Structure formats: C-alpha cells, structure tokens
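Okay, here's what each chain looks like letter by letter:
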Amino acid sequence: MRLAIAWRNLLAKPVQSGLTVLIVAATIAMLTLVTLLSTGTHNGLVRATEPFDLIVGAKGSPNQLVLNTVFLQDAPIGNVSHEIYEELAANPLVASAIPLAFGDNYKGYTIVGSGSDIFQHQPKVGQGEWLQLTAGRPFTLPFEAVVGAKTAQKLGLKLGDEFKSAHGFIPGGHVHDNAYHVVGILQAVNGPYDQAILVPIESIWLAHEKHEHEAEAEVTDDSHEHEHDVTAIMVKPKGYSEAMRLYQQFQGNPRAQIVFPSQVIVQLFAILGQGEYMLKTVAYIIIVMGLMIMVLSVYWSALSRVHDRAILRALGASARDIFTVILAESAFLTILGVTVGILTGHGIYSLLVKAMESKTAIVLTAALTLDEVYIIIGGTLFGMLAGLIPAMLTYRKEVAQYL
Amino acid sequence: MLEVNQVRKEYRDILQTVTAVAVDNLIIKNGEQVALVGPSGSGKTTLLHLISGLLTPTNGKIKFDDITISDMTETWRDIWRAKAIGYVFQRLNLLASLNILDNLLVAMSFVNTIPKKEQREWASQLLAQVNLSDKLGKFPHQLSMGEQQRGAVARAVINKPRIILADEPTASLDQDNGLLVLEMLRKFAEESCSILLVSTHDRQIMSQFERICSLRKAEKEVIQSATCDSLA
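Residues numbered from 1 in each chain as written. Chains lettered and ligands numbered in written order. Predicted model: local features only at pLDDT ≥ 70, side-chain atom pairs only at ≥ 80, totals over all residues. Heavy atoms only, no water.

A. Fine view of the overall build of chain B. Assigned secondary structure in chain B consists of seven helices and ten strands. Across the 232 residues in chain B, those meeting the buried criterion constitute 54%. Long-range contacts, defined as pairs at least 24 residues apart, comprise 70% of the intrachain contacts of chain B with a sequence gap of at least 6. In the structure as shown, chain B presents an accessible area of about 10,500 Å², 48% of it carried by carbon and sulfur atoms. (Helix = DSSP H or I, 4+ residues; strand = E, 2+ residues; numbered from the N terminus. Buried < 20%, exposed > 50% of the residue type's maximum accessible area, 1.4 Å probe, protein only. Contact = heavy atoms within 4.5 Å. Areas by Shrake-Rupley, 256 points an atom, 1.4 Å probe, with all protein chains shown as cover.)

B. Inspection of the overall build of chain A at higher detail. Broken down by element type, chain A carries eleven helices and ten strands. The 403 residues of chain A split such that 49% are buried. Residue pairs in contact within chain A that sit at least 24 positions apart in sequence constitute 77% of those at least 6 positions apart. Summing over all exposed atoms, chain A offers an accessible surface of approximately 18,700 Å²; the carbon and sulfur share of this is 62%.

C. Examining the nonpolar core more closely. Residues B:Leu2, B:Leu47 and B:Ile163 are the most contacted members of the largest nonpolar core, which totals 91 residues. The element best represented in this core is helix H3 (residues 100-109) of chain B, accounting for seven residues. Setting aside chain neighbours within four positions, we find B:Leu47 in contact with B:Val4, B:Val21, B:Val23, B:Leu26, B:Leu36 and B:Leu215. A:Ala101, A:Leu157, A:Phe163 and A:Ile201 belong to the second largest nonpolar core, which has 37 residues in total. (Core = buried A, V, L, I, M, F, W, Y, C linked by side-chain atoms within 4.5 Å.)

D. A look at empty space enclosed by the protein. Considering all chains together, one arrives at eight cavities of 30 Å³ or more under this definition. Considering only enclosed or pocket space, the largest cavity measures out at about 100 Å³ in volume. Together, 14 residues line the largest cavity, and A:Asn9, A:Arg305, A:Arg309, A:Val325 and A:Glu329 are the ones closest to its centre. Contributions of two or more residues to the lining of the largest cavity are made by helix H1 (2-12), helix H9 (306-315) and helix H10 (319-360) of chain A. Tallied by class, residues from the lining of the largest cavity come to eight nonpolar, two polar and four charged. Considered as a void within the structure, the second largest cavity measures approximately 70 Å³ in volume. Surrounding the second largest cavity, A:Ala314, A:Leu315, B:Ala82, B:Ile85, B:Gly86, B:Tyr87, B:Ala107, B:Arg155, B:Ala156, B:Ile158 and B:Asn159 form its lining. (1 Å grid on protein atoms, 1.4 Å probe; cavity = no way out; pocket = protein on both sides within 12 Å on 5 of 7 lines; lining within 4 Å. Points joined across faces, edges and corners; volume = space filled by probe spheres on them. Nonpolar A, V, L, I, M, F, W, Y, C, P; charged D, E, K, R; others polar.)

E. Structural context of the interface of chain B and chain A. Tallying the contact residues gives 25 residues for chain B and 23 residues for chain A. Regarding the contact of chain B and chain A, the summed buried area is about 2,100 Å², with carbon and sulfur atoms giving 63% of it. If you sort the residues of chain B by the area they bury against chain A, B:Leu95, B:Ser97 and B:Phe110 come out on top, with a joint share of 27%. Between A:Arg313 and B:Glu74 there is a salt bridge whose closest N-O contact spans 3.0 Å. Our count for the contact surface shared by chain B and chain A stands at five residue pairs in polar contact (both at pLDDT 80 or more). Counting residues per element, the side of chain B that touches chain A draws most heavily on H3(B), which supplies five residues. Here the residues of the side of chain B that touches chain A are counted per class, giving 14 nonpolar, five polar and six charged. (Buried area = accessible area lost by both parts, 1.4 Å probe. Salt bridge = Lys/Arg side-chain N within 4 Å of Asp/Glu carboxyl O. Polar contact = N/O pair within 3.5 Å; in protein donor to acceptor, adjacent residues only side chain to side chain.)

F. Just helix H3 (residues 62-69) of chain A, in detail. Residue and element names in this part refer to chain A. Of all the residues in H3, the buried ones are Leu65, Val66, Asn68 and Thr69. The buried residues of H3 occupy an angular sector of 165 degrees when the element is viewed end-on, so they sit on one face. Among the residues of H3, the N-terminal cap falls to serine 61, whose side-chain oxygen and the backbone nitrogen of asparagine 63 are separated by 3.2 Å. (Arc of directions from axis to C-beta.)

G. The arrangement of the side chain of A:Ser114 in detail. Mapped onto the elements, A:Ser114 comes out in strand E3 (residues 109-114). Discounting chain neighbours no more than four positions away, the residues touching A:Ser114 are A:Ile98, A:Pro99, A:Leu100, A:Phe139, A:Val199, A:Pro200 and A:Ile201.

H. Structural view of the pairing of strand E6 (residues 85-88) of chain B. Residue and element names in this part refer to chain B. On E6, burial covers both faces: Ile85 and Tyr87 on one face and Gly86 and Val88 on the other are all buried. Sheet topology note: the E6/strand E7 (residues 163-167) ladder contains four bridges and is parallel. Residue pairing in the sheet places glycine 86 in a bridge with isoleucine 164 of E7. (Pairing = 2+ DSSP bridges.)

I. Representation of helix H7 (residues 240-250) of chain A. All names here are of chain A. Those residues of H7 not exposed but buried are Ala243, Leu246 and Phe250. Along H7, the residues classed as buried sweep out an arc of 65 degrees about the axis, all on the same side. Exposed side chains of H7 directed beyond 90 degrees from the buried face belong to Arg245 and Gln248. Where the residues of H7 are buried, they touch strand E1 (54-57), helix H4 (82-90), strand E2 (94-106), strand E9 (232-237) and strand E10 (257-259). Following H7 by one or two positions, glycine 252 adopts a phi angle in the positive range, close to 85 degrees.

Structure representation (structure tokens):
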C-alpha cells in the first residue's frame, strides 16, 4: 500500500513528476550516448583492423595508409612496386601477403583489386575466413566482381549483374570501358569491407593500362613503369616475433613503410579520448545538476504533501512508513527516468550509427555494454540516494501542526 | 476508560514558554460521547493530538484502560493510533491522490484489525452506510465537502476504534450536512461502544451531547492554562 501511495502521489502531480523524470532521463540519455559512442567506436575500429596484422604501403602518413586500406577512406598515399609484394610473398617470416589496389569506384563504392587468396585469408587461426560468400563464387577471371554485403544491398547488385567502374574515389570520374560481372556476394563482415567491391587486381591494372594509354595521347607520361604497382599489401606474419622482425626489416626501407594498424588505432583512440573525456565531463556536470534538481523536486514534493503525511500519521502510519513513501517516490522517478534515458540514449545512438556507417563505414556495436549496466545500477542507486535527503529531512518533522 | 491526569503541553523557545493546553483531570468512560468546547487557542486540538499519541505531554499522564499512552515509545504510539483511534478533522480530511475507497484501504493497511481479503468488502459496506456507494472511485476533489466529510467518518471508524476523535468535524459544513455527519459519528460510536470526543464551538452540535467538557483559556497571554469541567 505504501508503494501505491507513492505511485498515486506522483500521478497526482503530473507536471512536477514529469519534469523530474525528464531531467533524470536527459542525464542518463547523455551518459548512455557518450558511453555507447565510446564503446561502439572502439569496438568498431578494433574489429575493422582485426583482419590486418600488418600493412605495407608507400612511404608517408601511417594514418593515411590505415584509413585508406582498412577503412577505405581517404586517398592512397601512392603505390609500391610489385617487387615488394613478391619479396614479401617469398619472405620466410610471412605466412601470407595479399596485394591490394585502389583507384576506382562504382557509384562511390570503393573497388578493391586483390588476389583470389584474399578469400582464404584467416585473421585468426580456427575462426574461419574473413570474407565468406553468401551467394556465388570467388572471382577467378579479370573483370569478375564479388560484392560486399552492404554494397549489394544499397546498389541492388545481384549475381549476373554488370557494371562499369569509374576512375577515382568519388562518383563522376572517367568511366572505364570494361564492364565487371558480378559472380559473388559476400556475407556481412560488420566492417568497412561490407561497402567494397572486390575484383581481381589484374582488372585494375588492365583498366588503368587502357586509361593511361588514352591519357598518353594527350600528355607525355612514362606511366608504364607503374602499371603493375600495388597500393598496399596485407601481410600476415607467421607469429609475433616474426612480425617484430619483419617490422625491423622495413625500418629504413626507402621504398615502402610497414605499419601495425592496431598501433595506429591506439593513437587514434588517444585523440578520440580527449573529445570523449570532454563529453563525459559535460555528462557528469549534467548528472550532478540533474540529481540536485531531482533532490529539490522530491523535497518540494515532500513538503507540498506535508498535510497528506500528517493525515497518514494520524491514521497510524509510522515515521518509517512516511520515509518509505518518500523514498519510493524518488525510486519510481529515478527508475522511470533511467528507463526513458536508456531508451532515448539507444534511440539517438542508433540514428547516429546509421549516419556514421554511411559516412565512415565504421560499424558501431549497439549491444548493451557493461558500462551501461553500471549506468543503470548507479543511476538508480544514486537517484534513490538523492531521495534519501528529503526523506531524512522530513523524517522527524512534527506533523501535528498540519492537521 | 480514558483518563487525562494533570496533563500539560508546553512549547518553549528562547524568550518564553507557551502552554498549549493544561488539563487537571478528565475521565471519559467507554461508550461515552463528549463534546469538547472552548475558545480558539484553548487547546482543544492539542488535547486531541495528545490523546491520539501524535503529541506527547510535557507533564502528566494519559491512560486508556490499563495502557499509559503518554509513556509509550513513538512506535507503540503509532500502533496504538492505528488500532485504537479514529480521527476526523475539520477539513482536507482525505488524501488527495487517492480515491475514496483507497483512502479507507490505506487506513486499514497500518493495522490488521480486518482480514486482508475482507478489507475491500468492509470498506464498501461502510461507504454505503454513509451514502457514498456510488462514489467509490471518486477522488476528493470530485466530491462535495459534505461527501468528503462523510468519507472521512467512514475512514475514522474503519478499524473499529475504541476512541473516535473529531476536531470540529462540522465547521466547514452547512447545518444539514453538519448534523448528518455528527449523527453518523454518534451512531458508529454507539454501535461499537467507543468513546466519542468531538471538539466544537457550534452550540447546536453541543446541544446533541449529554456531556460537555470545557477548556478555558488562561488570563495571561504567555502562559495559557485550561481546565476541563463536566458541565452536565
């Protein structure tokens, strides 16, 4: 009955109760959003880099190399010669080396030239291949294409379809003459490569050979030297020590650089962490303000019902009963606020996820995180604790004068 | 039997001590119905609060049968009040957030006089007796003052109390409704052989009682003193 009284008390003052719930909800939503974004981005970035133990590419910014190769963003730094790939493939420290070539797109979706061995690439032993087909087969001949899950879905590509690629990384470039033939559709990998179109690397060379021949007619350019270049090489070392030795071997190499993508991501986290720290600080300030308003709201509510409490005491309610009612009121307000806040936080997050995925190709996780569990438990306990203050302030208040 | 013996209730602050009520001796037998009269500030409400255990006297003893109410701990006074006291106030008697039926059920929730499964039935019966059977789901603001006061009477007697205290229960009602509420209180008290103590300054209400107890205000403003006399 005490809980019923508390609940009815809240219903009897809908504006006051509603505002308190709104404040708690806004606070929790903010905290949830910051936590989800932080965890989701971390997980999304880490998951995206998992298939890439080491990347070899042209000298320049390691960030740009990772952004281009792992996240299919930004322009490539440049190319490295095919010889480097051949040397790596023959290197006893290397388990596998897979060449990658970028430079074309189809309606804005990156075309990735590679060897057919990319379909056998296993990021971790025993966990299966990274790229698995949901329909069709891997490419075997030039101008065959295997389409990423999201690309197929967004562009409506299916087995047997044909399309022509365009030069560059954004739509509107020069359209190559050769048409690609879709022979396979990939299962979702929940990463940037869902938005890729994989083709044999020879197709890229052939298309660009023709493109450069056309260009030769207009400008004098010795492009033939670059015709069999690769943009990057995915390298899987045989083990940890081999990876370190390989890294050492590349130090001072004037032709190419080698990077650990996970190391680059750690640096990226440090940059993201500053923004995250600011957001969390703002969230904590809002939390403190929210809790203060909640304490005041519950206290005002308790004071405004002093006559009701006096009646309850006259009916035989103990001071502890009154304490329970006030505490239950704050518990209801907090639980409602936390629930609405968590749902709102997830709602805004899912909208942001969609926007981020289409812009950055990073797939953010949306599952309930441990941090969120802490927010739920902490928020509820803290809110109830906030309710203790008015409950204690009014616990021993003389009520007879209000009858 | 209710005994109020040499009871004083004083409030102290830095400058002065104010006596809210002082009663030399008051005895009310079980089943007796008494009107408590006196001018404003004579301590009628304070005396009712002392008997109910909401307040404790500064001096003196309040006993009911073998129980000394004034010596009880707060917890026991809460239990005592829930079990033995039925209270009706002048106005704003009902809890605004609950409907009339729930107002009665709340009063039963603090004590186990009526078995839980019979509580709703008993509350409905009582509300029917005060002509509110068609208003069970109504909230106080949806009821007239007379209906609210009848509801309050039903709530006061819901736990079959030994003492019914009514603090100017007819003050905010018209004459007809006032008499109706008083009649109901008297009937319930009579049926359960309970003590009925009604504070009032309405002569018509006083005239309904065989015994009238008078509290007089002290002549000095700072130290109030009042005594209780049986006028009949």
